[in-house]
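# Commentary on secondary and tertiary structure
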Amino acid sequence: MPSAPLFRFGVIADPQYADLEPNLTLNRYPAKSLDKLRAAIGEFNRHDLAFVVTLGDIIDREWKSFDAILAVYEALRHRKHFLLGNHDFAVASEHLGGVSARVGMPSPYYDFRLSGYRFIALDGNEISVFAPPEGDPRRQEAKEMMRALETTGALNGQRWNGAIGDTQYDWLAAKLREAKAAGEKVIVMNHYPIFPENGHNALDSDRMLSLLAEHDHVVAYLNGHNHAGNFGVSGGTYFVNFKGMVDTEDTSAYAIVAVYNDRLEVTGFGREDSRVLALTGV
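Heads up: these notes are all about the structure in this document. Here the structure is a predicted model, which means the values were calculated and not measured.

Here we take up the pairing of strand 7 (residues 218-223). In terms of residue burial, strand 7 counts as a mostly covered element, since 6 of its 6 residues are buried. Direction of pairing for strand 6 (residues 185-189) relative to strand 7: parallel, over a ladder of 4 bridges. By the bridge assignment for strand 7, valine 186 is matched with valine 218. The handedness of the strand 6 to strand 7 crossover, carried by helix 6 (residues 205-213), is right-handed. Across 4 bridges, the pairing between strand 7 and strand 9 (residues 237-241) is parallel. The residue bridging asparagine 223 from the neighbouring strand is asparagine 241, located in strand 9.

It is worth spelling out the sheet that holds strand 2 (residues 51-55) at this point. The 6 strands lie next to each other as 3-2-1-10-11-12, forming an open sheet whose pairing is mixed. Since the sheet does not close on itself, it has two edges, and those belong to strand 3 (80-83) and strand 12 (275-278), each with one partner. Adjacent strand axes in the sheet meet at a mean angle of 20° when their direction is disregarded. In this structure, strand 11 (residues 263-270) lies alongside strand 12, joined through 4 bridges in antiparallel fashion. Across the sheet, arginine 263 pairs through a bridge with alanine 278, a residue of strand 12. Contacting strand 1 (7-12), strand 2, strand 10 (253-259) and strand 11, helix 1 (residues 33-44) runs over the sheet at an angle of about 20° to strand 10.

Here the focus is the nonpolar core. Phe9, Phe119, Met189 and Phe242 are the most contacted members of the largest nonpolar core, which totals 88 residues. Sorting elements by how many residues they give to this core places helix 5 (residues 166-181) first, with 6 residues. Ignoring sequence-local partners within four residues, the contact set of methionine 189 consists of Val53, Leu55, Leu83, Phe112, Phe119, Ile120, Ala121, Leu122 and Leu222.

Where strands meet in a sheet, backbone hydrogen bonds hold them as pairs that are either parallel or antiparallel. On the basis of which strands lie adjacent, the open sheet formed by 6 strands has the order 4-5-6-7-9-8 and mixed pairing. The open sheet has two free edges, formed respectively by strand 4 (110-114) and strand 8 (230-234), since each of these has just one partner strand. For this sheet, the mean angle separating the axes of adjacent strands, direction not counted, is 15°. Pairing analysis gives 5 bridges linking strand 4 to strand 5 (residues 117-121), with the strands arranged antiparallel. Of the residues in strand 5, the one forming a bridge with arginine 113 is arginine 118.

Inspection of the secondary structure assignment puts glutamate 184 in the loop between helix 5 and strand 6. A relative accessible area of 10% places glutamate 184 in the buried class. Reaching out from glutamate 184, the side chain makes a polar contact with the side chain of arginine 113 at a distance of 2.9 Å. Beyond its immediate stretch of four places on either side in the chain, glutamate 184 contacts Arg113, Gly116, Tyr117, Arg118, Ala179 and His217.

Calculation notes
Numbering of residues starts from 1 in every chain and runs along the sequence as written. Since the coordinates come from a predicted model, pLDDT governs what is reported: local features require at least 70, and pairs of side-chain atoms require 80 or more to be given and counted, while whole-chain, interface and lining totals use all residues. The basis for the side-chain values is all heavy atoms of the structure; hydrogens and waters are excluded. Relative accessibility decides the category of a residue: with a 1.4 Å probe and only protein chains considered, values under 20% of the type maximum give buried, values over 50% give exposed, and everything between is partly exposed. Numbering of helices and strands starts at the N terminus; helices are DSSP runs of H or I of at least 4 residues and strands are runs of E of at least 2. For two strands to be treated as a pair, DSSP must find at least two bridges joining them. Looking down the strands as they point away from you, a crossover is right-handed if its path from the first strand over the helix to the second goes clockwise. Inter-axis angles, ranging from 0 to 180 degrees, are taken between N-to-C directions of lines fitted to C-alpha atoms, where helices are fitted over the stretch in contact. In what follows, a contact means two residues having at least one pair of non-hydrogen atoms within 4.5 Å. Nonpolar core, defined: a set of buried Ala, Val, Leu, Ile, Met, Phe, Trp, Tyr and Cys residues in which side-chain atoms within 4.5 Å join the residues together. By the criterion applied in these results, polar contacts are pairs of N or O atoms within 3.5 Å in which, for protein atoms, one can donate a hydrogen and the other can accept it, and in which residues neighboring in sequence qualify only through two side-chain atoms.

Okay, structure coming up:
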């Protein structure tokens, strides 16, 4: 008999809901994401999952959009975790500081343990030109990072990308050490990719990639943001960029990840790819 997984979890990236007309140039249909999410939750509810994570861009824009899409999540019978993306901050300035609380997050970045795994959820919006309040020095810091990347010819010095601050970076480094000492494997989650090289990568992707490469117990890094999806392996870590649910008029994208002792099995639905990721000899 094949071994049973340690646990399974669901993954959604970029539902990006808003009551808007389609963006035909980008092939995005934000108003259709409610029905796509309902269908995904219907599928998730047929499985025994430890949790379902949404990797950011819950909405496309407007504070009121949270009301409609969070109501759909109420049908989910599993524990839910959220990360935030750039579009989640496309709201009136008075709401910028309340986005994480609006979606029920314990804090903008956090971690949790499960069956020998440490999941680390990052706030990749911390240094950006959209998430901090107007006048916050982090906006200027983001602009300087973007200029520096542009000077080197990097693709990712874009205003829709963000980075983590020094305090969060130190927290991440400490959590990685803590997990190592506890004998835990680590899965890092962020809205923004950091590998392979891409115009959607976090502004601090090089710094982040170097940190993760120091830790052989980091088995995977999961993200959204680049709606086309992506995949790579670096420093013994799998980098899985899940495809955007909001894209296309009549197809969806989401996944269920089964965690085994020796592998991760990603079962893709709709446009999402299925993969088997061996945890030995990466």
